[in-house]
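Overview (structure and organization)
In case you want the letters, here they are:
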Amino acid sequence: MPTPLILYKIFKAGRVSEAPPEADLSLRTRVQTLHADILKVFGQAVAIRHIDAGSCNGCELEIHALNGPHYNLDGRDVKFVASPRHADLLLVTGPLSRNMETALKRAYDATPEPKWVVAMGDCGCSGGLFGESYATRGKVSSVIPVDDEVPGCPPTPIALLQGILAAVSPAGGNTTDPDAPGRANE
Amino acid sequence: MQFWRLKEDWLRLAARLFGHRYLFDCMVPGGVAVDIDDPGKAELIGLSHRIETEIRQLKAIYDEHATLQDRFAHTGVCQPELAAQLGLTGLAGRASAQAWDARVQFPQEPYEQLNVSMATQRGGDVLARAEVRFSELHESLRLVRDILLRMPAGALHAPLAAVSASCEGLGWVEGWRGEVIVAVRIGRDGRLDRVHPHDPSWRNWPLVGVGMPGNIVADFPLINKSFNLSYSGPDL
């Protein structure tokens, strides 16, 4: 009977979730005026579609790490979804390989308004090591509008979460509004 | 979630000791960029022991989980004969009786002193790959401890002589997905002329096409992830 072992392990490991970081508004590259109205209704709950546009998988490792128990994404009402049609926010990694350019534009068009785009990693922010070449378009903002750029190779999960939260924060900041529905679980 | 927790603990210790969670930029031409002191070694060894203990507990839970075993067994099978024809590498190959490990057959310092134990299975299914993965966790943690304990004192990196003529070189390591090979040619001016990084995913992706037919759709992610391949690897 498997139950006692697994329950013992869960009990013994305890809760490792940490308090979330504040949004880092310096990562913002533009502010959409819709923010205030949307956030009043939906809080900071956000559905993310991740798009790998030629990444080396370094950023993906940290996206995976962000899903781990230390970061308590569900507690922040942040979740990853399987289609851009279900998403509020596109999280784009990689130096934007030309093979992915059309797919990225289509995914952006398929994402319902209002929407945000976060470019992750040095490659997504500037083209990084690869820059612009016969194979790559460089930074994500050369093809679709970008709201936040989170640099790093790869950015740590904390930095990534700060960037995601900055995208879905009201124009002036204020990520700690206790009345926002997204904070209800804390 | 339990494995994620352990991995995060390890990454955070790496960030504290070496300055990067995945040790990027810690290796430089001619050697390494960061040293480790005795308290740092003790911390790494201590954490490796704790992780190994917890993995044993998690393996006991996994072994008792009949429904999980049922889902893993006979799912996504690649028979050893086909694996040999495809030239499979890494843990996917070793789970289909392809006994190749660059640390065993083509060891470079310090692996030739470590007597690396290779994990293999013959089943070629998701279950076999999970078993190989568990065995490799223990062996990797032992290797980390052995390497730390026998680490020689001395300079971190040797000075490199300037290149005066065109030359070529080949480097390889056994990565987490299999052998990673990088071929480099340096031109007369001392700049890189040609570089070819060879990712194990490039060799192993055809395996997904072989492993899928006959399985239910819900098992696709399970089989796909059991191979643990990189989408970007084949683009290199």
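Above: the structure in question.
Residues numbered from 1 in each chain as written. Chains lettered and ligands numbered in written order. Predicted model: local features only at pLDDT ≥ 70, side-chain atom pairs only at ≥ 80, totals over all residues. Heavy atoms only, no water.

1. Focus on unusual backbone geometry
- Look at the link from A:Cys153 to A:Pro154: it is a cis peptide, with omega at -15 degrees.
- As for its position among the elements, A:Pro154 is in the loop between β5 (148-150) and α6 (157-167).
- Backbone torsion omega between B:Glu109 and B:Pro110 reads 5 degrees, so that peptide bond is classified as cis.
- In this fold, B:Pro110 is placed in the loop between α6 (102-105) and α7 (126-149).
- For A:Leu96, which is not glycine, the phi dihedral falls at a positive 55 degrees.
- In this fold, A:Leu96 is placed in the loop between β3 (89-93) and α4 (98-110).
- A positive phi is found at B:Asn228, a non-glycine position, where the angle reads about 55 degrees.
- Along the chain, B:Asn228 falls in the segment after α10 (220-227). (Helix = DSSP H or I, 4+ residues; strand = E, 2+ residues; numbered from the N terminus.)

2. Brief notes about the side chain of A:Ser97
- Position of A:Ser97 relative to the elements: it lies in the loop between β3 and α4.
- Ignoring sequence-local partners within four residues, the contact set of A:Ser97 consists of A:Ala53, A:Gly54, A:Ala135 and A:Thr136. (Contact = heavy atoms within 4.5 Å.)

3. Focus on the interface of chain B and chain A
- On the chain A side, the residues contacting the 23 residues of chain B number 27 residues.
- Of the roughly 2,100 Å² buried between chain B and chain A on both sides combined, carbon and sulfur atoms contribute 59%.
- Remark: the boundary between chain B and chain A carries three salt bridges.
- A salt bridge links B:Arg12 to A:Glu18; its shortest N-O distance comes to 2.6 Å. (Buried area = accessible area lost by both parts, 1.4 Å probe. Salt bridge = Lys/Arg side-chain N within 4 Å of Asp/Glu carboxyl O.)

4. As for the packing of aromatic side chains
Residues and elements named next belong to chain B.
- Tallying each qualifying case throughout the model produces four aromatic pairs over all chains.
- Pairing tyrosine 62 with phenylalanine 72 gives two aromatic rings, centres 5.9 Å apart and planes at 50 degrees, and the pair type is tilted. In this pair, tyrosine 62 sits in helix α2 (residues 38-64) while phenylalanine 72 sits in helix α3 (residues 66-72), placing the two residues 10 residues apart along the sequence.
- A relative accessible area of 12% means that phenylalanine 72 is categorised as buried. (Phe/Tyr/Trp six-rings, centres within 6.5 Å; stacked < 30°, edge-to-face > 60°. Buried < 20%, exposed > 50% of the residue type's maximum accessible area, 1.4 Å probe, protein only.)

5. Some remarks on the packing of α7(B) against α10(B)
All names here are of chain B.
- Relative to each other, α7 and α10 sit at 35 degrees, their axes nearing to 10 Å. The crossing of α7 and α10 is left-handed. Across the interface between the two elements, Val126, Arg129 and Arg133 from α7 touch Leu222, Ile223, Lys225, Ser226 and Phe227 from α10.
- Here the contact of α7 with α10 is built from residues that sort into four nonpolar, one polar and three charged. (Axes fitted to C-alpha atoms, helices over the stretch in contact; angles between N-to-C directions. Left-handed = near helix turned anticlockwise from the far one by under 90°. Nonpolar A, V, L, I, M, F, W, Y, C, P; charged D, E, K, R; others polar.)

6. Considering the nonpolar core
- Residues B:Leu44, B:Ile51, B:Ile55, B:Phe72, B:Leu207 and B:Phe227 are the most contacted members of the largest nonpolar core, which totals 29 residues.
- Contributions of two or more residues to this core are made by α1 (2-18), α2, α7, α9 (206-211) and α10 of chain B.
- Here this core takes eight residues from α2(B), the largest share from any one element.
- Beyond its immediate chain neighbours, meaning those up to four positions away, B:Phe72 contacts B:Tyr62, B:Asp125, B:Val126, B:Leu127, B:Ala130 and B:Leu222.
- Of all hydrophobic cores here, the second largest spans 24 residues; its members include A:Leu66, A:Trp116, A:Ala159 and A:Ala167. (Core = buried A, V, L, I, M, F, W, Y, C linked by side-chain atoms within 4.5 Å.)

7. Section: a nonpolar patch on the surface
All names here are of chain A.
- On the surface, Ile6, Leu7 and Ile10 cluster together into a nonpolar patch covering about 260 Å² of accessible area.
- Assignment of secondary structure puts isoleucine 10 in helix α1 (residues 3-13).
- On the basis of relative accessibility, which here comes to 49%, the residue isoleucine 10 falls in the partly exposed class. (Patch = residues over 30% accessible without salt bridge, like charges linked within 9 Å, V, L, I, M, F, W, Y side chains within 5 Å. Areas by Shrake-Rupley, 256 points an atom, 1.4 Å probe, with all protein chains shown as cover.)

8. Quick notes on the sheet that holds strand β2 (residues 78-80) of chain A
Residue and element names in this part refer to chain A.
- Strand order in the open sheet formed by five strands is β2-β1-β3-β4-β5, and the pairing between neighbours is parallel. Lying at the two open borders of the sheet, with one neighbouring strand each, are β2 and β5. Across the sheet, the axes of successive neighbouring strands diverge by a mean angle of 25 degrees, strand direction being ignored.
- Taken together, the five bridges between β3 and strand β4 (residues 116-120) define a ladder with parallel strand orientation. In the strand pairing of β4, leucine 90 is matched with valine 117. (Pairing = 2+ DSSP bridges.)

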